[in-house]
Amino acid sequence: MTVIDAASATIFVLEDDSDIARLICNSLAEYGFRCEHVSTGRQLLERAQRTAPDLCIVDLGLPDMDGMQVVRQLQDGSPCAVLILTGRNGVTDRVLGLELGADDYIVKPFEPRELVARVRSILRRYQRAAPAEAAAEARHIARFGEWRFDRERHALTAPDGREINLSAAEAGLLMTLLERPNRILSREQLLGERDIDPFDRSIDVRVSRLRRKLEDDPHDPHLIKTVYGAGYLFSAQVSWQ
Ligand code: CA
């Protein structure tokens, strides 16, 4: 999932309203992003099987299935970055979308420049998370406690040998934590460079998802600790191999 520049990113747009789809693609094209448009959930899932996308922009109200189902199936197949772009403005939808592993959530009507900024921020996050330099590539297995994480395969192995499924967003978060253990990381650092508003809970949702997979007792976390008013801290010795 290495993204070098705008033009090389593979972006799929799932949107059943062709006017909105055109607006999305034109907005992105103005900034050098190329995208491919599909209008049903089924088409997107089939398309994503043939070519792994870097990012999918997903509408929720679709003719053939619910967009949430599409997000879930995308993450079960080949996890990729997901941005939900929808008319649905409910907190429940927003939280559910992020719970399912979406990276961001924008409500229509949207401001094209904001869309482009969010897309950039998501791609940059993955670019940073991807093993870019040879040095990093040489050491791609992180061990902490009895756990093992392969940053190339996004594979997390539990102490008892079970393989734990991570969404792309969760793997990206875990990678950031493993790169800087035992340090307080702010929400901004964990999310990327974009300024986040104080009500943005997406990182907290992602942290609690990751805790449920990593911690014996997610309510009394030993690995991902909350530092009130500051952010989070990954409390473990991490060794890279
Ligand atoms: Ca729609």
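All values derive from a computational prediction rather than experimental measurement.

1. Some points on the pairing of strand β3 (residues 55-58)
Okay, so step 1: Every second residue of β3 is oriented toward a common face, with L55 and I57 on one face and C56 and V58 on the other, all of them buried.
Okay, so step 2: Where strand β1 (residues 11-14) meets β3, 4 bridges bridge the pair, whose relative direction is parallel. Within the sheet, the bridge partner assigned to V13 lies in β3 and is I57.
Okay, so step 3: By the bridge criterion, 4 bridges tie β3 to strand β4 (residues 81-86) in an arrangement that is parallel. When the sheet's bridge partners are listed, V58 is paired in β4 with I84.
Okay, so step 4: A crossover links β3 with its parallel partner β4, the connecting element being helix α3 (residues 67-76), and its sense is right-handed.

2. Topic: the sheet that holds β3
Okay, so step 1: If you trace the 5 strands from one edge of the open sheet to the other, you get β2-β1-β3-β4-β5, paired in parallel fashion. Either end of the sheet is taken by a strand with one partner, and the two such strands are β2 (35-38) and β5 (104-107). The sheet shows a mean angle of 20 degrees between the axes of neighbouring strands, taken without regard to direction.
Okay, so step 2: Pairing geometry for β4 and β5, over 4 bridges, is parallel. What sits directly across from I84, in β5, is Y105.
Okay, so step 3: Along the sheet face, helix α1 (residues 18-30) touches β1, β2, β3 and β4 and points at about 175 degrees away from the line of β2.
Okay, so step 4: On top of the sheet, helix α2 (residues 41-50) reaches β1, β2 and β3; it is set at about 165 degrees to β1, its chief contact.

Basis of the calculations
- Every residue gets a number counted from 1 within its own chain, in the order that chain's sequence is written.
- pLDDT decides what is reported in this predicted model: residues at 70 or higher carry local features, side-chain atom pairs at 80 or more are listed and counted, and totals for whole chains, interfaces and linings draw on all residues regardless.
- Side-chain descriptors were evaluated using all non-hydrogen atoms of the structure, hydrogens and water having been removed beforehand.
- A 1.4 Å probe rolled over the protein chains alone gives each residue an accessible area, and that area as a share of the maximum for its type sets the label: buried under 20%, exposed over 50%, partly exposed in between.
- Helix numbers and strand numbers start at the N terminus; a helix is a DSSP run of H or I with at least 4 residues, a strand a run of E with at least 2.
- Paired strands, in this sense, are two strands between which DSSP finds at least two bridges.
- If the strands point away from the viewer and the path from the first strand over the helix to the second runs clockwise, then the crossover is right-handed.
- Lines fitted to C-alpha atoms define the axes here, with helix axes fitted over just the stretch in contact, and angles between the N-to-C directions of these axes take values from 0 to 180 degrees.
- Here a residue-residue contact requires only that any non-hydrogen atoms of the pair lie within 4.5 Å.

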